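Overview (structure and organization)
What follows is each chain in one-letter form.
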Amino acid sequence: MIYADNAATTKLDEDALEAMIPWLHNEYGNASQPYSFSRKPKKALAEARALIASCIGARTEENFFTSGGTESDNWAIKGLLQYGDLRDTITSQIEHHAILQACQAIERLGYPVTYLPVNQQGVVTSEALSRIITVNTKLVSVMMVNNEIGTVEPIEELARIAHAHGALIHTDAVQAVGHMPIDVNALGVDLLSASAHKFNGPKGIGFLYIRKGTPIHPFADGGAQEFGMRAGTENVAAIVGMSVALKKNCDHMVEIEERLHKLEQVFLRTLQQAGIDFIRNGSENRVPGNVSISIRGASGEMLLHRLDLKGIVISTGSACDSVNFQVSHVIQAISVPNEYAEGTIRVSFGRDNQIEEASNIANAIICVLNSKLQK
């Protein structure tokens with residue numbers, strides 16, 4: 001099998017797995033309990049929190065563990081709501097469904113939401129935000145990296161505009177954390193979402209960075225865990241695994257990025273040399289490894305299934321919308337021409353992919369397209 005859907009999920013890092021085992025086996029104590037058997041889990045929790053904070057430039061007490069990016073996004077959107085406060089939330093048209101559907105949920109409760117357009121590269125420009133934001137805006141939520149096309153958004157600029165109008169800013173950084181340098185203070189964000197399984201950590205665990213002093217309500221009631229902000233027994237093993245995986249990716253970020261760029265180049269050059277008519281989606285400023293292309297006259301769904309039969313795993317776009325094969329909201333928002341749009345696929349390389357695999361994926365696509373033409 002050739003796995004090239006790393007934007008959907010990544011392989012669990014071996015060191016992260018090893019670090020998790022003691023907390024699943026012998027050291028299974030509840031970190032919230034006062035007796036001695038809980039001291040080691042409690043210490044492991046504190047050390048993991050500090051390690052994660054150091055990777056994003058945050059204070060230790062500003063990181064709150066969640067079940068993943070979806071929960072973190074929902075908390076950021078819904079946790080700021082106050083009865084009678086009908087100030088606007090602004091987000092973009094190309095956000096992950098965890099943001100878009102959370103915004104739709106608060107709209108049903110009467111809270112206004114404005115959806116920013118993007119340009120053809122999928123960028124939320126500072127000009128677009130400046131035209132819409134007012135002193136009645138409460139929150140701006142724009143993802144750091146788009147999950148379908150890899151575009152990196154100008155979060156630092158957007159944060160300055162938001163704060164100048166008295167608004168808070170949240171960024172869904174699920175596709176960015178562990179893949180590009182992040183300093184929450186340099187970015188100026190008030191809230192930031194992350195998910196471990198996107199950077200070779202375990203599934204079902206993530207975190208929400210909340211800048212100290214941000215007026216947000218607890219996500220879950222019923223216990224004093226997470227400084228009283230998210231009730232529920234902590235998943236110590238997964239939290240430890242997440243911290244180890246993140247630190248490892250951050251330590252090797254430069255070499256991984258160089259490798260991913262080589263994989264992209266081999267993949268795209270092979271398609272170009274075969275005369276395949278395609279558009280690469282997204283801006284020049286992309287997260288490494290995320291390659292979204294739209295092939296003229298092709299079917300993304302057909303390519304996904306034909307490649308699957310060859311043992312190659314790719315995506316037609318967002319894995320979270322894998323049951324639907326219509327043109328995604330992101331591809332529509334960036335105005336990909338109709339003759340290309342249905343042929344959209346996403347090949348997302350990870351640190352474990354080999355150069356030969358990039359070439360093999362491209363050649364498999366060429367083979368499928370050529371066999372279709374011959375018919």
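Residues numbered from 1 in each chain as written. Predicted model: local features only at pLDDT ≥ 70, side-chain atom pairs only at ≥ 80, totals over all residues. Heavy atoms only, no water.

**Digging into the sheet that holds strand S9 (residues 278-280)**
Here is the rule we go by: Only strands joined by at least two bridges in the DSSP assignment are considered to pair. Starting at the N terminus, helices and strands are each numbered in turn, a helix being any DSSP run of H or I of at least four residues and a strand any DSSP run of E of at least two. Axis lines are fitted to C-alpha atoms, over the contacting stretch for helices. Their N-to-C directions set the angle, which ranges from 0 to 180 degrees. In this analysis, two residues are considered to be in contact whenever any of their non-hydrogen atoms come within 4.5 Å of each other.
Judged by pairing direction, the sheet is antiparallel, and its three strands sit side by side in the order S9-S10-S12 without closing on themselves. At either end of the open sheet lies a strand with only one pairing partner, and these are S9 and strand S12 (344-348). With direction set aside, neighbouring strand axes in the sheet form an average angle of 25°. Pairing of strand S10 (residues 290-295) with S12 involves five bridges; the strand directions are antiparallel. Looking at the pairing, Ser-292 lines up with Arg-346 of S12. Lying over the sheet, helix H10 (residues 253-273) contacts S9, S10 and S12, oriented at roughly 15° with respect to S10.

**Focus on the nonpolar core**
Put simply, the rule reads: Grouping buried Ala, Val, Leu, Ile, Met, Phe, Trp, Tyr and Cys residues that are joined through side-chain atoms within 4.5 Å yields what is termed a nonpolar core. Here's how the labels work: a residue is buried when its accessible area is under 20% of the maximum for its type, exposed when over 50%, partly exposed in between, all with a 1.4 Å probe on protein chains only.
Residues Met-144, Val-177, Leu-192 and Phe-207 are the most contacted members of the largest nonpolar core, which totals 65 residues. Core analysis: the second largest hydrophobic core is formed by 30 residues, Phe-278, Val-291, Ala-298 and Val-368 among them.

**Structural notes on helix H1 (residues 14-24)**
Given 3.6 residues per turn, any residue in an α-helix points the same way as the ones three and four places further on. Short version of the rule: Comment: arc refers to directions from the helix axis out to C-beta atoms. Here a polar contact means two N or O atoms within 3.5 Å. Within protein one must be a hydrogen donor candidate and the other an acceptor candidate, and residues neighboring in sequence count only if both atoms are side-chain atoms.
What H1 keeps buried is the set Ala-16, Met-20 and Trp-23. Along the axis of H1, the buried residues cluster in a sector spanning 50°; they form a single face. Facing away from the buried side of H1 by more than 90 degrees, the exposed set consists of Glu-14 and Glu-18. The opening residue of H1, the one whose side-chain oxygen lies 2.9 Å from the backbone nitrogen of Asp-15, is Asp-13.

**Overview of the environment of Cys-103**
Residue placement: Cys-103 occurs in helix H4 (residues 97-108). Take Cys-103: its relative accessible area is 0%, and that puts it in the buried class. Taking the C-alpha atoms as reference points, Cys-103 and Ile-90, separated by 13 residues in sequence, lie 9.1 Å from one another.

**Details of the packing of H1 against helix H9 (residues 236-251)**
Operational definition: By definition in this entry, angles of less than 35 degrees are roughly parallel, angles greater than 145 are roughly antiparallel, angles of 65 to 115 are roughly perpendicular, and the rest are oblique. Note on convention: near helix rotated counterclockwise from far helix by under a right angle means a left-handed crossing. Clockwise means right-handed.
At a closest axis distance of 8 Å, the pairing of H1 and H9 adopts a crossing angle of 160°. Considered as vectors, H1 and H9 are oriented roughly antiparallel to each other. For H1 against H9, the interelement crossing comes out right-handed. Judged by residue contacts, Asp-15, Ala-16, Ala-19, Met-20, Trp-23 and Leu-24 of H1 engage Val-236, Ala-237, Ala-238, Val-240, Gly-241, Val-244, Ala-245 and Lys-248 from H9.

**Quick word on the pairing of S10**
Counting buried residues in S10 gives six out of six residues, a clear majority hidden from the surface. Across the two faces of S10 the burial is the same, with Asn-290, Ser-292 and Ser-294 and Val-291, Ile-293 and Ile-295 all buried. In this sheet, S10 lies alongside S9 in antiparallel orientation, the contact comprising three bridges. Along S10, the bridge assignment pairs Ile-279 with Ser-294.

**Observations regarding the environment of Ser-195**
Note on placement: Ser-195 falls in strand S7 (residues 191-195). When its relative accessible area of 5% is taken as the criterion, Ser-195 is described as buried. Once the C-alpha coordinates of Ser-195 and Thr-137 are considered, the two residues, 58 residues apart in sequence, prove to be 27 Å apart.

**Here we look at the pairing of strand S5 (residues 137-141)**
Stated formally: When the strands point away from the viewer, a crossover counts as right-handed if the route from the first strand across the helix to the second turns clockwise.
For S5, a buried count of five out of five residues is recorded, marking the element as mostly surrounded by other parts of the structure. As defined by bridge partners, strand S3 (residues 88-92) adjoins S5 across four bridges and the pair is classed as parallel. Residue Thr-91 lies in a different strand from S5, and its bridge partner there is Ser-141. Relative to strand S6 (residues 168-172), S5 runs parallel, the two sharing three bridges. Paired with Leu-139 across the bridge in S6 is Leu-168. Considered for its hand, the β-α-β crossover made up of S5, helix H6 (residues 155-164) and S6 is right-handed.

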